Amino acid sequence: MSNKGKYYITTAIAYTSGKPHIGNTYEIVLADSIARFKRQEGYDVFFQTGSDEHGQKIELKAAEAGVTPKEFVDDVSSQIKDIWNLMDTSYDKFIRTTDEDHEKQVQKIFKKLYDQGDIYKGAYEGMYCTPCESFWTESQLVDGKCPDCGREVQPAKEEAYFFKMSKYADRLIEHINTHPEFIQPVSRKNEMMNNFLLPGLQDLCVSRTSFKWGIPVTFDPDHVTYVWLDALTNYITGIGYDCDGDSSDQYKKLWPADLHLIGKDIIRFHTIYWPIFLMALGEPLPKQVFGHPWLIQADGKMSKSKGNVLYADELVDFFGVDAVRYFVLHEIPFDNDGVISWELLVERINSDLANTLGNLVNRTISMSNKYFDGVVCDKGVAEPVDEDLKQVVTSTRDKVEAKMDEIRVADAISEVFALFKRCNKYIDETEPWVLAKDEAKADRLSTVLYNLVESISIGATLLESFMPGKSEAILKQLNTEKIAYDDLDKFGHYENGNKVTDKPEILFARLDINEVLDRVAELHPPVEEEVPEDVIDIEAKPEITFDDFMKMQFQVGEIISCEAVPKSSKLLCSQVRVGSEVKQIVSGIKKYYKPEEMVGKKVMVLVNLKPAKLAGVLSEGMLLCAEDAEGNLALMTPEKSMPAGAEIC
């Protein structure tokens, strides 16, 4: 096979704040499947991953654990590497940001950018998110919380160095516009352009003084390098970049990267900050950044407090490496989040792996042994049904390649399994057990079994990128080798007269969901969540239908006047504008609101309540209120400014 040139692929480096869960692990498996497929195609692949080990969060976690930051990250980085290895990933380098050569280059990069005027000293004041290690302005917060992770932020101020992002913004916008493949999927590109680049970039804080666990700035050692300038540069320092101009031959060969594979939550750092850093260094930009979707729990976001975090090593104990690889690769679409649960895993393993694939291989080998003592021969007794099978099988490689070129890995796996499904259909069409009853049909039976063995061999070869262990196991049971990639569009590689194994092994055992869930319950007893003090339960009323609900009309109203109802200790009478109409509404809220307080309020109103008299005063609707356990009332008001008359739906 001719060499198609280099292919440099990276994952984001995993943050060493704790053991990676299955959602984190998905990325390394996804990258591995791409790297393996590129190698199979004939590319000279270099696949880099690693761990991100500096920052305030690490310093705090280490202090909580009673160890030094270096001891803490040594342990977590080792856990990350163990899981990456467990998942049978074929990375070529695992870089750590505590590696001496990386730290040295980061210091040189910082100094170079400072010397050329891209970095300057200033002070930062804003709202700080410790988990994300990011400053935010008040306007950037969402509901007063970090826009990236949704956690609480704290006001902070400190001296810092800043990078002049706006200096390179126009150049980056032009690059994105002229290289449509640069940011994928397209939805991520639109998000970066519309939310960040086009409105104008703020200068970026690139150093910190409030903690020490980071790479010191050589000329101002009270400062440590901001985590993103440190972490992002791993993609070049890991392959021998030297900003003094003495970069390694490996760097000159591999850079620019062909693909940065990262989670959609850090797309901004990789498609705005990182390209601008590279422009400032005078280096080419990566060819493509792909922000992959997430793998989420069926019952919501993974949370240690809920006890629902899934880890790769535990899933492998239950299902095996390749079953877990198959699930995470197959279940996450190109640009939508995928869902994982114990039930879904069992369902997919039983249907796709045990039935479609495992049963196919086992039946084919068992029939070869039963009817021909395991000897597989193409006797050339063809029938029209064979041609459709062969067409499906020989066209699968190009279909898989087309999907992989677009990083549609889930679709690529589906193409391979379409081949296996076609084989199962072929068994139903040819009915080998019927052919076996007629000695005159022996050569036809032999041809049918040859076609199946050959088809499975091609499918197993294409399966290698996604399920390397089971791919090898299938080929071993068929007593054959992988087929060269360039020959996967041809039929007839299996050697005539070769023998399959006489003891086929079950590739995937069918699972009983109840047994699996019982075992899960033993390992993970349900964690009882504490009910917050400000939560109350009330007795449920009878269910209503959607039609019942649709009979009620809720709108925003504006109170234009209000007065106490004479001879009543509880009632207020409000004039409420709802659209162009003014309604008189009587409410039992005098204890909680003074009439003058009510005027000008926007409230939620049930407008089509049948009019009734309260204390002799006509009421034409109802103001909606909430009541706490002590009986205190509060009017329900819209969160944002809404016009009087707006429908509540």
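Everything that follows concerns the structure shown earlier in this document.
The rules behind each value
Residues numbered from 1 in each chain as written. Predicted model: local features only at pLDDT ≥ 70, side-chain atom pairs only at ≥ 80, totals over all residues. Heavy atoms only, no water. 1 Å grid on protein atoms, 1.4 Å probe; cavity = no way out; pocket = protein on both sides within 12 Å on 5 of 7 lines; lining within 4 Å. Points joined across faces, edges and corners; volume = space filled by probe spheres on them. Helix = DSSP H or I, 4+ residues; strand = E, 2+ residues; numbered from the N terminus. Nonpolar A, V, L, I, M, F, W, Y, C, P; charged D, E, K, R; others polar. Buried < 20%, exposed > 50% of the residue type's maximum accessible area, 1.4 Å probe, protein only. Contact = heavy atoms within 4.5 Å. Axes fitted to C-alpha atoms, helices over the stretch in contact; angles between N-to-C directions. Parallel < 35°, antiparallel > 145°, perpendicular 65-115°, else oblique. Pairing = 2+ DSSP bridges. Salt bridge = Lys/Arg side-chain N within 4 Å of Asp/Glu carboxyl O. Phe/Tyr/Trp six-rings, centres within 6.5 Å; stacked < 30°, edge-to-face > 60°. Lys NZ or Arg CZ within 6 Å of the ring centre and 35° of its normal. Core = buried A, V, L, I, M, F, W, Y, C linked by side-chain atoms within 4.5 Å. Expected span 1.5 Å × (residues − 1). Arc of directions from axis to C-beta.

Caption draft 1: Quick look at the layout of surface pockets. Considered as a void within the structure, the second largest pocket measures approximately 540 Å³ in volume. Met-622, Leu-623, Leu-624, Cys-625 and Leu-633 are the residues nearest the centre of the second largest pocket, which is lined by 21 residues in total. Those elements that place two or more of their residues in the lining of the second largest pocket are strand E20 (581–587), strand E24 (622–623) and strand E25 (625–627). Broken down by class, the residue content of the lining of the second largest pocket amounts to 15 nonpolar, 4 polar and 2 charged.

Caption draft 2: The arrangement of the environment of Arg-208 in detail. The topology assignment puts Arg-208 in strand E10 (residues 207–208). Here Arg-208 falls in the buried class, since its relative accessible area comes to 3%. Spatially, the C-alpha atom of Arg-208 lies 9.1 Å from that of Val-227, the residues being 19 residues apart in sequence. Residues within four places of Arg-208 in sequence aside, it is in contact with Gln-56, Tyr-128, Phe-135, Glu-158, Asp-222, His-223 and Val-224.

Caption draft 3: Focus on the packing of helix H12 (residues 321–330) against helix H13 (residues 342–372). It is at 10 Å that the axes of H12 and H13 come closest, and there the two elements cross at 100 degrees. Comparing the axis directions of H12 and H13 gives the class roughly perpendicular. Across from Ala-323, Tyr-326, Phe-327 and His-330 in H12, the residues of H13 making contact are Leu-344, Leu-345, Arg-348, Ile-349, Asp-352 and Leu-353. For the contact of H12 with H13, the per-class residue count stands at 7 nonpolar, 1 polar and 2 charged.

Caption draft 4: How the structure looks around the pairing of strand E3 (residues 44–52). Among the 9 residues that make up E3, 8 are buried, leaving the element largely enclosed by the rest of the structure. Pairing analysis gives 5 bridges linking strand E1 (residues 6–11) to E3, with the strands arranged parallel. Looking across to E3, one finds that Lys-6 is bridged to Asp-44. Pairing of strand E2 (residues 14–15) with E3 involves 2 bridges; the strand directions are parallel. Following the sheet pairing, Ala-14 is matched in E3 by Ser-51. Here E3 runs beside strand E4 (residues 93–96); their pairing, made up of 4 bridges, is parallel. Counterpart to Thr-49 in the pairing with E4 is Phe-94.

Caption draft 5: Broad picture of the pattern of salt bridges. Per the stated rule, a full pass over the model turns up 36 salt bridges. Close ionic contact of Arg-208 with Glu-158 constitutes a salt bridge, the shortest N to O distance being 2.7 Å. Separated by 50 residues along the polypeptide, Arg-208 in strand E10 and Glu-158 in strand E7 (residues 154–163) bring together distant segments of the chain. Residue class for Glu-158 comes out buried when judged on its relative accessible area of 8%. Across the pair Lys-583 and Glu-581 runs a salt bridge whose closest N-O atoms are separated by 3.7 Å. Residue classification places Glu-581 among the partly exposed positions, given a relative accessible area of 44%. Taken together, the salt bridges that share partners define one network made up of Arg-397, Asp-398, Asp-487, Asp-489 and Lys-490.

Caption draft 6: Here's a closer look at the sheet that holds strand E9 (residues 204–205). Taken in spatial order, the 4 strands of this open sheet run E6-E5-E7-E9, and their pairing is antiparallel. A strand with exactly one partner marks an edge of an open sheet, and here the two such strands are strand E6 (134–136) and E9. Here E7 pairs with E9 via 2 bridges, running antiparallel. Bridge assignment links Phe-163 to a residue of E9, and that residue is Leu-204.

Caption draft 7: Local environment of the packing of aromatic side chains. Per the counting criterion, the structure on display carries 26 aromatic pairs. Following the ring pairs from residue to residue traces out a cluster consisting of Tyr-8, Phe-46, Tyr-235, Tyr-241, Tyr-251, Trp-255 and Trp-274. Over the ring of Trp-294 we find Lys-264; its NZ or CZ atom is 4.7 Å from the centre of that ring.

Caption draft 8: Highlighting empty space enclosed by the protein. One pass over the structure, following the stated rule, counts 1 cavity of 30 Å³ or more. In this structure, the largest cavity encloses a volume near 60 Å³. Surrounding the largest cavity, 13 residues form its lining, Tyr-26, Leu-30, Ile-332, Pro-333 and Ile-407 being those nearest its centre. Considered class by class, the residues forming the lining of the largest cavity number 11 nonpolar, 1 polar and 1 charged.

Caption draft 9: Layout of the nonpolar core. In this structure, Ile-34, Phe-319 and Phe-466 are the most contacted members of the largest nonpolar core, which totals 99 residues. When near neighbours in sequence (up to four residues on either side) are disregarded, Phe-466 contacts Ser-33, Arg-325, Leu-329, Val-400, Met-404, Val-409, Ala-412, Ile-413 and Val-416. Of all hydrophobic cores here, the second largest spans 53 residues; its members include Ala-169, Tyr-226, Met-279 and Val-289.

Caption draft 10: Looking closely at unusual backbone geometry. The omega angle of the peptide bond from Gln-184 to Pro-185 is -10 degrees, so this bond is cis rather than trans. Here Pro-185 is to be found in the loop between strand E8 (183–184) and helix H6 (186–197). With omega at 10 degrees, the peptide bond leading from Trp-255 into Pro-256 counts as cis. Inspection of the secondary structure puts Pro-256 in the loop between helix H9 (249–254) and strand E12 (259–263). Here Asn-479, not a glycine, exhibits a phi torsion of approximately 60 degrees, which is positive. Position of Asn-479 among the secondary structure elements: in the loop between helix H18 (468–477) and strand E17 (498–499). Taking relative accessible area as the criterion, Asn-479 reaches 42% and is therefore assigned partly exposed.

Caption draft 11: Representation of helix H3 (residues 69–86). Between its first and last C-alpha, H3 extends 26 Å over 18 residues, near the 26 Å set by a 1.5 Å rise per residue. Among the residues of H3, Phe-72, Val-73, Val-76, Ser-77, Ile-80, Ile-83 and Trp-84 are the ones counted as buried. Projected onto a plane normal to the axis of H3, the buried residues spread over an arc of 120 degrees and lie on a single side. The inward-facing, buried residues of H3 contact E2, helix H1 (22–41), E3, helix H2 (56–65), E4 and helix H11 (312–319).

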